[in-house]
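Chains, contacts and geometry: an overview
Residues per chain are reported as follows:
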Amino acid sequence: MIIVFTGNGKGKTTAALGTALRSIGNGKKVKMIQFIKGPFKSGEDSSWQKLSSNFELIKGGIGFVGILNDPHSFSDHKKAADNTWELCKKTIKSRKYNLVIMDEINAAMDLKLIDDQEIKEFLQQSSENIDIICTGRNAPKWLIDIADLVTEMKDVKHPFNAGKQAKRGIEF
Ligand code: ATP
Ligand code: MG
């Protein structure tokens, strides 16, 4: 089954983490691989170590692309995303996981960091006997078409727009 969490409202990554928590409770094995996200620490980076051996989280990115004084070139981001996609393929093909979360893969495709044609062909052949969650804004139409479950988070109100700083434990 393919699941997509997209849209401009908060809740995509945390919905994926919530699904992971539910899966682990049912004895499933889960791996989450994050595109774009790099050295910046988020709560989930360490919570998995406290969960058990049934959840792994890998940060494959090098950080935000083109914003917040991004020190990296576009080709460095592309290289990181290509490597992250290779890891995703290897993880899915290994058949060791019941659920694989590709966090921010939609954003990585939207930013043209990875070639979505290859991802399309791979996902069309690989979603049997495994659940795959793809998160990130602007999910491509082909992904929405092949997915079984799609939820679009809609931004109604966010403290960022009231000038409030990101809150530890809620935003990261
Ligand atoms: P979360 O990780 O909290 O589930 P997300 O995955 O839906 O959020 P992203 O687009 O990955 O959202 O952005 C991650 C960060 O941006 C989080 O700190 C989140 O709170 C913040 N954010 C998400 N949506 C908005 C918004 N509409 N306005 C401002 N900040 C936002
Ligand atoms: Mg996210």
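The structure reproduced in this document is the subject of the present report. (Residues numbered from 1 in each chain as written. Chains lettered and ligands numbered in written order. Predicted model: local features only at pLDDT ≥ 70, side-chain atom pairs only at ≥ 80, totals over all residues. Heavy atoms only, no water.)

**Brief notes about the site of ligand 1**
Not every one of the 13 residues close to ligand 1 is listed here, only the nearest: Lys 10, Lys 12, Thr 14, Glu 104 and Glu 171. Gly 9 places a main-chain nitrogen or oxygen 3.4 Å from an oxygen atom of ligand 1. Taken by itself ligand 1 offers 580 Å² of open surface, and the protein chains cover 81% of this. Looking at the shell around ligand 1 residue by residue, the classes come out as one nonpolar, six polar and six charged. (Near = heavy atom within 4 Å. Polar contact = N/O pair within 3.5 Å; in protein donor to acceptor, adjacent residues only side chain to side chain. Areas by Shrake-Rupley, 256 points an atom, 1.4 Å probe, with all protein chains shown as cover. Nonpolar A, V, L, I, M, F, W, Y, C, P; charged D, E, K, R; others polar.)

**What to know about the packing of aromatic side chains**
Considering all chains together, one arrives at two aromatic pairs under this definition. Between Trp 85 and Phe 122 the ring centres are 5.4 Å apart and the planes differ by 85°, which places this aromatic pair in the edge-to-face class. Of this pair, Trp 85 sits in helix α3 (residues 74-93) while Phe 122 is found in helix α5 (residues 116-126), placing the two residues 37 residues apart along the sequence. Phe 122 sits in the buried class, given a relative accessible area of 9%. (Phe/Tyr/Trp six-rings, centres within 6.5 Å; stacked < 30°, edge-to-face > 60°. Helix = DSSP H or I, 4+ residues; strand = E, 2+ residues; numbered from the N terminus. Buried < 20%, exposed > 50% of the residue type's maximum accessible area, 1.4 Å probe, protein only.)

**Structural notes on the pairing of strand β4 (residues 99-103)**
The two faces of a sheet get side chains in turn, since along a regular strand they alternate between them. Counting buried residues along β4, five of its five residues qualify, which places the element largely inside the surrounding structure. Of the two faces of β4, the one carrying Leu 99, Ile 101 and Asp 103 and the one carrying Val 100 and Met 102 are both buried. Strand direction decides the pairing type here: strand β2 (residues 30-34) and β4, joined by five bridges, are parallel. Paired with Met 32 across the strands is Ile 101, a residue of β4. Pairing of β4 with strand β5 (residues 131-135), which is carried by four bridges, proceeds in the parallel orientation. Bridge assignment links Val 100 to a residue of β5, and that residue is Ile 132. (Pairing = 2+ DSSP bridges.)

The quantities given are spatial measurements derived from coordinates; they are silent on function.
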